[in-house]
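Here is how the chains run, residue by residue.
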Amino acid sequence: MTPRSFDYQARDARGQRSSGVIDGADANAVASQLVSAGLIPVSITLSARNRLGDTSGWWARLTAEKVNSIDIQLFSRQLYTLLKAGVPILRSLTSLQESAINKTFSKVLQDIRNSLDAGRELSAAMQRHPLLFSGFYLSMVRVGEMTGRLEDVFLRLYTHLEFERDMRQRMQTALRYPSFVGLAMALALVVINLFVIPVFARVYAGFHAELPLMTRILIGMSTFMVDYWLLILASLIAAVLVLKRHFSTTQGRYQWDKYKLRLPVIGKILLKGTLARFARSLALSNQSGVPIVQGLGVVAQTVDNSYIAASIDRMREGVERGDSILRSATATGVFTPVVLQIIAIGEETGELDELLNEIAGMYERDLQYELKTLSSQIEPILIVALGGMVLILALGIFLPIWDLSRVALKK
């Protein structure tokens, strides 16, 4: 078998995390190399150049049909139904492959079948496609294999993916109107500065009179934009590329994810959505028989916020040291008093799973209300911004005309 490149994360004997790229025949071979080097593997995934479609050329990868989250969600539900009916896993995958509408996903199912034929477990076969199956998904499948409850795990994964997709759609819908208004305002400013104000500036130049301060500022900004629009455009593109590169790093992504939670209006929505995802995922992993320490490590991969993920990782380390879940959660400084109180009750009564689902339901209801009222919360900010922009433009453009008219009347 031709060696391929794998990205890995591992810990040494002292618990220090390390990462890098290593070549190997498969994930098991890479894990053996890491263990031989005295490292404990945490995650092993195919490098970007070895992922889906790596043998078909760059053009085929570019034009290949994209596998969406809904495809994985429906796959989970269909596989649950087939396994529940007693259909063997290989026959189930064959049926799903033949009925798959998405050709790319059909190839993925073919690869999973080939891996199973070669003697791999289902989780190891899915691990060959890390762009499609998340670490949380793979961990849940692995638990289902160990406990013999694979069909139940796929049903829970279907419910989990449905919740994730619903939250994303609600967020996108709620932000569509404010984004459109903000974009329209930015476009209006560009048009006014490039085409409208220069016309008035030429008119005012013929008056040979001293212009108001606001008018001089607007004309100066417009002149700068007209003369240096190419430099401004290049600077904006460079700034976007630099920020994108910075946010792609671990430290940059951590800083941005932490800052997002402090944004007015949007920050509390992101926090509630993240905490709902955390509670639902941890309840799901506990119900599936995953130990709490391992469950926290897996759940940290699902929250989609590196700042919260780091807090959950510290929480896991606290539980590993023997601290209670409540004490570890309190030390992170992320969770609200209500969540901490419910965790305390759950630990005391042994009903943590049910109470975590209650927390998730509570945050989901709060999130739905916040998303419904998001437009009404942002509208005052947009109105004030739009009113301020109109006021500045009106004063800057029409004050000179008003002053000159008043002088003319006096004459």
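A few points on the structure.

Criteria and thresholds
Residues numbered from 1 in each chain as written. Predicted model: local features only at pLDDT ≥ 70, side-chain atom pairs only at ≥ 80, totals over all residues. Heavy atoms only, no water. Salt bridge = Lys/Arg side-chain N within 4 Å of Asp/Glu carboxyl O. Helix = DSSP H or I, 4+ residues; strand = E, 2+ residues; numbered from the N terminus. Buried < 20%, exposed > 50% of the residue type's maximum accessible area, 1.4 Å probe, protein only. Axes fitted to C-alpha atoms, helices over the stretch in contact; angles between N-to-C directions. Parallel < 35°, antiparallel > 145°, perpendicular 65-115°, else oblique. Contact = heavy atoms within 4.5 Å. Nonpolar A, V, L, I, M, F, W, Y, C, P; charged D, E, K, R; others polar. Phe/Tyr/Trp six-rings, centres within 6.5 Å; stacked < 30°, edge-to-face > 60°. Lys, Arg positive; Asp, Glu negative; His and termini not counted. 1 Å grid on protein atoms, 1.4 Å probe; cavity = no way out; pocket = protein on both sides within 12 Å on 5 of 7 lines; lining within 4 Å. Points joined across faces, edges and corners; volume = space filled by probe spheres on them. Expected span 1.5 Å × (residues − 1). Left-handed = near helix turned anticlockwise from the far one by under 90°. Core = buried A, V, L, I, M, F, W, Y, C linked by side-chain atoms within 4.5 Å. Patch = residues over 30% accessible without salt bridge, like charges linked within 9 Å, V, L, I, M, F, W, Y side chains within 5 Å. Areas by Shrake-Rupley, 256 points an atom, 1.4 Å probe, with all protein chains shown as cover.

1. Here's the deal with the pattern of salt bridges
Okay, step 1: For the structure shown, the criterion picks out 8 salt bridges.
Okay, step 2: Here D257 makes a salt bridge to K260, at a shortest N to O gap of 3.1 Å. Of this pair, D257 and K260 both sit in helix α11 (residues 250-260), 3 residues apart, roughly one helical turn.
Okay, step 3: Between E370 and K272 there is a salt bridge; the shortest N-O distance is 3.3 Å. Residue E370 is found in helix α17 (residues 352-372), and its partner K272 is found in helix α12 (residues 266-287); the two are separated by 98 residues along the sequence.
Okay, step 4: With relative accessibility at 18%, the residue K272 sits in the buried group.
Okay, step 5: Because the salt bridges share partners, they merge into one network encompassing D313, R316, E317 and E320.

2. Considerations on the packing of α11 against helix α14 (residues 306-320)
Okay, step 1: Packing of α11 against α14 brings their axes to within 7 Å, and their N-to-C directions diverge by 100°. Our classification of the angle between α11 and α14 gives roughly perpendicular. For the pair α11 and α14, contact is made by R253, Y254, D257 and K258 and by S306, Y307 and A310, respectively.
Okay, step 2: Looking at the contact of α11 with α14 residue by residue, the classes come out as 3 nonpolar, 1 polar and 3 charged.

3. Quick look at the packing of aromatic side chains
Okay, step 1: Counted by the stated rule, this structure contains 10 aromatic pairs.
Okay, step 2: Ring centres 5.3 Å apart and planes at 45° place the aromatic pair F133 and Y137 in the tilted group.
Okay, step 3: We classify F133 as buried; its relative accessible area is 1%.
Okay, step 4: Residue Y137 is classed as buried on the basis of its relative accessible area of 3%.
Okay, step 5: One aromatic cluster is present, formed by F75, F105, F133, Y137 and F154 through successive ring pairs.

4. A short note on the side chain of R113
Okay, step 1: Inspection of the secondary structure puts R113 in helix α5 (residues 103-117).
Okay, step 2: Nearest to the buried, unbridged R113 among oppositely charged side chains is D117, at 5.1 Å.

5. Notes on empty space enclosed by the protein
Regions of empty space are outlined by a rolling probe, equal in size to a water molecule, passed over the atoms.
Okay, step 1: Within this structure, the stated rule accounts for 2 cavities of 30 Å³ or more.
Okay, step 2: There is about 40 Å³ of room inside the second largest cavity.
Okay, step 3: Considering the residues around the second largest cavity, the lining is formed by I197, F200, A201, Y204, T215, L218, I219, G396 and I397.
Okay, step 4: Elements with a contribution of two residues or more to the lining of the second largest cavity: α8 (150-205), α9 (213-227) and α18 (374-410).
Okay, step 5: The residue inventory of the lining of the second largest cavity, partitioned by class, reads 7 nonpolar, 2 polar and no charged.

6. Let's talk about α14
Okay, step 1: The terminal C-alpha atoms of α14 lie 21 Å apart, and with 15 residues this matches the ideal 21 Å at 1.5 Å per residue to within 8%.
Okay, step 2: Counting buried residues in α14 gives 11 out of 15 residues, a clear majority hidden from the surface.

7. Notes on the packing of helix α3 (residues 69-84) against α8
Okay, step 1: Relative orientation of the contacting elements α3 and α8 amounts to 155°, with a least axis distance of 8 Å. Relative to α8, the element α3 lies roughly antiparallel. For the pair α3 and α8, the crossing hand works out as left-handed. Residues S69, I70, I72, Q73, F75, S76, R77, L79, Y80, L83 and K84 of α3 pack against L150, E151, D152, F154, L155, L157, Y158, L161, E162, R165 and R168 of α8.
Okay, step 2: For the contact of α3 with α8, the residue count by class is 12 nonpolar, 3 polar and 7 charged.

8. Some words on the nonpolar core
Okay, step 1: Counting 75 residues, the largest nonpolar core has F75, I112, M126, F133, Y137 and F154 as the members making the most contacts within it.
Okay, step 2: When residues of this core are assigned to their parent elements, the largest contribution, 11 residues, is made by α8.
Okay, step 3: Contacts of F133, omitting those with residues within four sequence positions, involve I72, F75, F105, V108, I112, M126 and L138.

9. Focus on a nonpolar patch on the surface
Okay, step 1: On the surface, a nonpolar cluster with roughly 530 Å² of combined accessible area is contributed by W229, L230, L233, I237 and L241.
Okay, step 2: Relative to the assigned elements, L233 resides in helix α10 (residues 229-247).
Okay, step 3: In this structure L233 comes out as partly exposed when scored by relative accessible area, which is 41%.

Note that all results are geometric; they support no functional claim without further evidence.
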